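A look at the structure
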Amino acid sequence: MPNDLYHDIKGAKRRELIKAAAAAGLLAAGGGLSTLAPAQSAKVKVGLMLPYTGTFAQLGVAIANGFKLAVDEQGKSLGREIEYVTLDDESDPPKGADRANQLVTRDKVDVLVGTVHSGVQMGIVKIVRESGVLHIIPNAGVEAATGQLCAPNIFRTSFANGQPAYPMGKVVADRGLKNVVTLAWRYGAGEESVAGFKDSFLKGGGKIVKELWLPFPNVEFQSLLTEIASLKPDAVFVFFAGGGAAKFLTDWKAAGLKGRIPLFGTGFLTEGVLEAVGDAAEGIETTLHYGDGIDTPKNRAFRLAYAKTFKLQPDVYAVQGYDAGLLFAAGMKAVKGDVSKKKEMIAAMRVASIDSPRGKMTMSKAHNPIHDMYLRKVVGKENRVTGVAMKALDYPPSGTCKMPA
Amino acid sequence: MDFPTSLIQLLNAVQYGLLLFLIASGLTLIFGIMGIINLAHGSFYMLGAYLAFSLTEGLGSLWLALPVGVVLSVLFGLALEWLVIKRLYARDHLYQVLLTYGLILVFEELRSILWGDEVHGVKVPEVLAASISLTENLNYPVYRLAMSAVCLVLALGLWWVIRRTRLGMIIRAGSVNRDMVQSLGIDITLVYRIVFAAGVALAAFAGMLAAPTSSVFPGMGNQVLIICFVVVVIGGIGSVQGALVGAILIGLVDTFGKVLTLEVAGFQLLPQLSGVTVYLLMAVILLWRPEGLFGSHD
């Protein structure tokens, strides 16, 4: 009995197959349908290689949302329709190069947009340098990507790690706070941040009393807080982000240091953690290229459109993704959607002036953003912009980038 | 470093060590008694922290959240043992590592689905929200001191159960010869289930206790997992006293490694290498006593 059943199914399958083959033969004989569409009207493939799972999942989603919003707003003016190929990079550095390669060679994307994690970013940079595929970095701050490893086809719409920290050095020095302790995770972003801060702070006449470090992503701060209390510096500069930042701010307050020693950091210290830390962050000042209360028509329109489309409030990551979309659009418009004219596209992107929600943004010689850096202060659940710490900041200096013509 | 600062650092070290002990004690119980390498132990710590977050929101206070959370995590541990872990007893360590690693991924994904990927905070209960002034500009949160006290009480309690009660005797016997205990008419399956659930509850309790000071965030369990394995290996597998001594040692080395400056021949060793001091300690102890400080010789 079971055998008969098996034969029945097999038989049915065979009959289906024969029918399908006959149908295919008829179609092929008919001819018309098998002709390929002309290449010009094929869609432009955009690869979105971002973290969609894990700790950085929210950042990946915000960036993808921002990018798509920008592209949708530009609509037909791009000259061609856009097709997305989405790939979760899981923020897993060892697989970065392989995954980027998959988008480039298998999916044949015309533009690769990504990513968040600097380790994964290094893998992508390797692949796009080899293949020459147009590439836009919407977050990762690793300085080499627009430094030693810069290339004509690599653009960034976020920041280089030292960039948000550099203005803070000047702010602290200008306030006459001379003796400063720095504290950060000892890994790429932490080290480049502290270096950026020191650069302008030492120029302003400040002195680093001690550099304190802890291994990434260790969050046992207690001993370092005790050390800071005994050093009694005029101010402390820190680099932490995400869950670690939330824990740091809570510990800082619990140790009684809040209000006694002024605390400064890059904006990442207070992004996305204000709900979690209660009043522990109140009054803390940070520097970043975006913040709450930027009262421009562009920013208002962007925030409204984003909130309407995704039922979410946009953050700095959404802005970076949105601007990646705008930069891409600037290139597309210059060649009327013909992505094969890569040289012209790159030339247009290089000189593009992006009307970003953050303000005006242009590209440096190394293809890193030149933008205003805001000074922000935590007020309630907002990172309220209180002023511009540095206008049109191009940092780090493009000296390490030997851009081939 | 002046004398008062050194004393405060010592307090920091002990306090960190005691919390590590609380997490690692469950790991050493499960590892030493049941022979299970449980990589998902950090996930139970994370589960505890997220339970503390949700239950405190729902019930209004951490005091209510703690007992409810412990009961839930015991039930969770019992269910997990019955569903998954019991299939591992007769198998090789490789299967255990594979399966419990898989559990980490499952728990992380469940956490993401249930709670999302945001960072959360848990309020310190009113009574313990104060802090004691230690120096002119440094306070010590009362909550941290209370945490240490709870950890000490639990350490004593664990020692008493394992050394002084009938259940403890059966557990110890079961860890040496499972079959013999069974043939003496004792339901060893049940004993194992209890031990596993207790291990889960200890880790989850540590997570709940730490939640107000550490905030609650994705991946928080993986950070403590590795350091807890170091504690267990240093202390000797399965030894609760060993875990306590190992945890305090690590607290000391980690704390002072971050803040002391040590230069040898012009090359800065500390704090440049503070990330590896803990592992150096482990290597040295294993060279001296391969079975760990309190490990048995078999």
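On to the overall build of chain B, then. Scanning chain B for helices and strands turns up 11 helices and 4 strands. Computed over the C-alpha atoms, the radius of gyration of chain B is 20 Å, within 12% of the 19 Å expected from 2.2 N^0.38 for a compact globule of 298 residues. Along the three orthogonal principal directions, the C-alpha set of chain B runs to about 65 × 50 × 35 Å. Within chain B, buried positions represent 51% of all 298 residues.

Glancing now at the interface of chain A and chain B. How big an interface is tends to be stated in terms of the accessible area lost upon association of its parts. With 36 residues of chain A in contact, the opposing surface of chain B contributes 36 residues. Here chain A and chain B share an interface that buries about 3,000 Å² over both sides, 51% of which is from carbon and sulfur atoms. When the buried surface of chain A facing chain B is broken down by residue, Glu220, Gln222 and Thr226 of chain A rank first, second and third, together holding 17% of it. Between chain A and chain B we count 2 salt bridges in total. The salt bridge involving Asp251 of chain A is made with Arg144 of chain B; its shortest N-O contact spans 3.3 Å. Put simply, chain A and chain B have 13 residue pairs in polar contact (both at pLDDT 80 or more) between them. Elements with a contribution of two residues or more to the side of chain A that touches chain B: α2 (57–74), β7 (207–215), α7 (222–231) and α8 (242–254) of chain A.

Now for the side chain of Thr287 of chain A. Residue and element names in this part refer to chain A. Mapped onto the fold, Thr287 is located in strand β10 (residues 285–288). Residue class for Thr287 comes out buried when judged on its relative accessible area of 0%. Each residue touching Thr287, except ones within four places of it in the same chain, is listed here: Pro164, Pro167, Met168, Gly265, Thr266, Gly267, Met373, Tyr374, Leu375, Arg376 and Ala389.

Below, the discussion takes up the domain arrangement of chain A. Residues and elements named next belong to chain A. If you check the domain split of chain A, you get domain 1 (42–160 + 295–370) and domain 2 (166–288). Spacing between the C-alpha centres of domain 1 and domain 2 amounts to 30 Å. Between domain 1 and domain 2 lies a buried interface of about 440 Å² when both sides are counted; carbon and sulfur atoms form 62% of it. For domain 1, the biggest contributors to the area lost against domain 2 are Glu143, Val316 and Tyr317; these three give 65% of the whole. Counting across the domain 1 and domain 2 interface gives 0 salt bridges. Summed over the shared surface of domain 1 and domain 2, the result is 1 residue pair in polar contact (both at pLDDT 80 or more). When its residues are assigned to classes, the side of domain 1 that touches domain 2 shows 4 nonpolar, 1 polar and 1 charged.

Before going further, it helps to examine the nonpolar core. Ranked by internal contacts, the top residues of the largest apolar core, which has 121 residues, are Phe240 and Phe248 of chain A together with Met34 of chain B. When neighbours within four sequence positions are excluded, Phe240 of chain A is seen to be in contact with Leu183, Ala184, Trp185, Leu214, Phe221, Ala245, Phe248, Phe268 and Leu269 of chain A. Of all hydrophobic cores here, the second largest spans 68 residues; its members include Val71, Ile294, Tyr306 and Ala318 of chain A.

Let us now look at α7 of chain A. For α7 of chain A, the tally of buried residues reaches 8 of 10 residues, placing the bulk of the element in the interior. Phi for Lys232 of chain A, located one or two positions after α7 of chain A, is positive at around 50°.

A separate point is the layout of surface pockets. Residues and elements named next belong to chain B. Reported here for the second largest pocket is a volume of approximately 820 Å³. Lining the second largest pocket are 33 residues, and of these Gly32, Ser175, Ile237, Gly238 and Ser296 sit closest to its centre. Listing elements by their share of the lining of the second largest pocket, those giving two or more residues are α1 (3–34), α5 (142–164), α6 (166–176) and α10 (240–259). A breakdown of the residues in the lining of the second largest pocket according to their chemical character gives 17 nonpolar, 11 polar and 5 charged.

Residue and element names in this part refer to chain A. Relative to the elements of secondary structure, Gly244 occurs in helix α8. For Gly244, a relative accessible area of 4% gives the class buried. The sequence separation of Gly244 and Lys43 amounts to 201 residues, and the corresponding C-alpha distance is 42 Å. In this structure Gly244 touches Trp185, Val219 and Phe221, once residues within four positions along its chain are discounted.

Turning next to the pattern of salt bridges. Applying the stated criterion to the full structure yields 23 salt bridges over all chains. Measuring nitrogen to oxygen at the nearest pair gives 3.0 Å for the salt bridge that ties Lys95 of chain A to Asp92 of chain A. Taken together, the salt bridges that share partners define one network made up of Lys247 and Asp251 of chain A together with Arg144 of chain B.

A few words now on the state of the cysteines. Residue and element names in this part refer to chain B. Considering all chains together, one arrives at 1 disulfide over all chains under this definition. Cys151 forms no disulfide, and the closest cysteine sulfur to it belongs to Cys228, at a distance of 12 Å. What makes Cys151 buried here is its relative accessible area of 2%.

Right, let's talk about helix α12 (residues 342–351) of chain A for a bit. Residue and element names in this part refer to chain A. Every buried residue of α12 is accounted for by Met345, Ile346, Ala348 and Met349. Looking straight down α12, one finds that the buried residues subtend no more than 165° of arc, so they occupy a single side. Along α12, exposed side chains directed more than 90 degrees from the buried face belong to Lys343 and Val351. In this structure, the buried residues of α12 make contact with β4 (134–137), β5 (154–156), α11 (316–334) and β12 (359–363).

Criteria and cut-off values
- Residues numbered from 1 in each chain as written.
- Chains lettered and ligands numbered in written order.
- Predicted model: local features only at pLDDT ≥ 70, side-chain atom pairs only at ≥ 80, totals over all residues.
- Heavy atoms only, no water.
- Helix = DSSP H or I, 4+ residues; strand = E, 2+ residues; numbered from the N terminus.
- Rg over C-alpha atoms; globule rule 2.2 N^0.38 Å.
- Buried < 20%, exposed > 50% of the residue type's maximum accessible area, 1.4 Å probe, protein only.
- Contact = heavy atoms within 4.5 Å.
- Buried area = accessible area lost by both parts, 1.4 Å probe.
- Salt bridge = Lys/Arg side-chain N within 4 Å of Asp/Glu carboxyl O.
- Polar contact = N/O pair within 3.5 Å; in protein donor to acceptor, adjacent residues only side chain to side chain.
- Domains from an automatic or database assignment.
- Nonpolar A, V, L, I, M, F, W, Y, C, P; charged D, E, K, R; others polar.
- Core = buried A, V, L, I, M, F, W, Y, C linked by side-chain atoms within 4.5 Å.
- 1 Å grid on protein atoms, 1.4 Å probe; cavity = no way out; pocket = protein on both sides within 12 Å on 5 of 7 lines; lining within 4 Å.
- Points joined across faces, edges and corners; volume = space filled by probe spheres on them.
- Disulfide = S-S within 2.5 Å.
- Arc of directions from axis to C-beta.

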